[in-house]
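Structural characterization, general
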Amino acid sequence: MNDKQACEALRMVNSLAAKAKNNGKHPFAAVLLAEDTETILLSACNVSTVKHAEIELVRKAAEIYDSEFLWRCTLVTNFEPCAMCTGAIYWANVGRIVYGASETELIKLTGTHKENPTLRMPCREIIKAGAKQIQVLGPYDCVQGEILELHRNFWL
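We now turn to the structure provided with this report. The shown structure was predicted, so the numbers you read here are calculated from the model rather than taken from an experiment. (Residues numbered from 1 in each chain as written. Predicted model: local features only at pLDDT ≥ 70, side-chain atom pairs only at ≥ 80, totals over all residues. Heavy atoms only, no water.)

With that out of the way, let us pick up the overall build of the protein. Across its full length, the protein holds 7 helices and 5 strands. Moving toward the C terminus, one meets the helices and strands of the protein in the order α-β-β-α-α-β-α-β-α-α-β-α. A compact globule built from 156 residues would reach a C-alpha radius of gyration of about 15 Å, and the protein, at 14 Å, matches this within 12%. Along the three orthogonal principal directions, the C-alpha set of the protein runs to about 40 × 30 × 25 Å. When each of the 156 residues of the protein is scored for burial, the buried share is 51%. Entry remark: accessible area of the protein is about 7700 Å², with carbon and sulfur atoms responsible for 51%. (Helix = DSSP H or I, 4+ residues; strand = E, 2+ residues; numbered from the N terminus. Rg over C-alpha atoms; globule rule 2.2 N^0.38 Å. Buried < 20%, exposed > 50% of the residue type's maximum accessible area, 1.4 Å probe, protein only. Areas by Shrake-Rupley, 256 points an atom, 1.4 Å probe, with all protein chains shown as cover.)

Tracing the sequence through the fold places L137 in strand 5 (residues 135-137). C-alpha of L137 to C-alpha of R96: the two residues are 41 residues apart in sequence and 7.7 Å apart in space.

Quick look at the environment of S43 now. For S43, the position within the fold is in strand 2 (residues 40-45). Between the C-alpha atom of S43 and that of A61, which follows or precedes it by 18 residues, the distance is 9.8 Å. Among residues more than four places away in sequence, those in contact with S43 are L16, A30, V31, L57 and K60. (Contact = heavy atoms within 4.5 Å.)

The subject of this paragraph is the packing of helix 2 (residues 53-64) against helix 4 (residues 83-92). As a packed pair, helix 2 and helix 4 sit with axes 9 Å apart at the nearest point and diverge in direction by 15°. Relative to helix 4, helix 2 is oriented roughly parallel. Helix 4 is crossed by helix 2, and the crossing has left-handed handedness. Contacts from E54, I55, V58 and A62 of helix 2 reach helix 4 at M84, C85, A88, I89 and A92. Here the residues of the contact of helix 2 with helix 4 are counted per class, giving 8 nonpolar, no polar and 1 charged. (Axes fitted to C-alpha atoms, helices over the stretch in contact; angles between N-to-C directions. Parallel < 35°, antiparallel > 145°, perpendicular 65-115°, else oblique. Left-handed = near helix turned anticlockwise from the far one by under 90°. Nonpolar A, V, L, I, M, F, W, Y, C, P; charged D, E, K, R; others polar.)

Encoded structure:
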């Protein structure tokens, strides 16, 4: 996946996150792209504090697709996946993660908000502890400002 494709996909994800926000949900979203990095297989938005977009998406994907297929897919999400979601991505066998803004940036916005008690555990560290090396790409400066703007004043 090249930078232009990543930025386009991240803008689409941020648009889904904006819809989630407009529906009273946390502004997080994710899409699963096929091997061609263009075909959208699934999308999801946050449902609740424990039903994150990424985990809901990979649970669905693991029911539909086999693990060999998922290894060739890309999960695109507006923020770096949390520890819970990274674990689910790992177990579902998705081969690549693309995210727009880092967990560190999210923590600056959420602080200790009870609905998003973000862990300080980068997804790359979790992946590094595993037996398979999922490719992780991000953050992306091309969209980070847009992603952060969607969250400003949301966590007050």
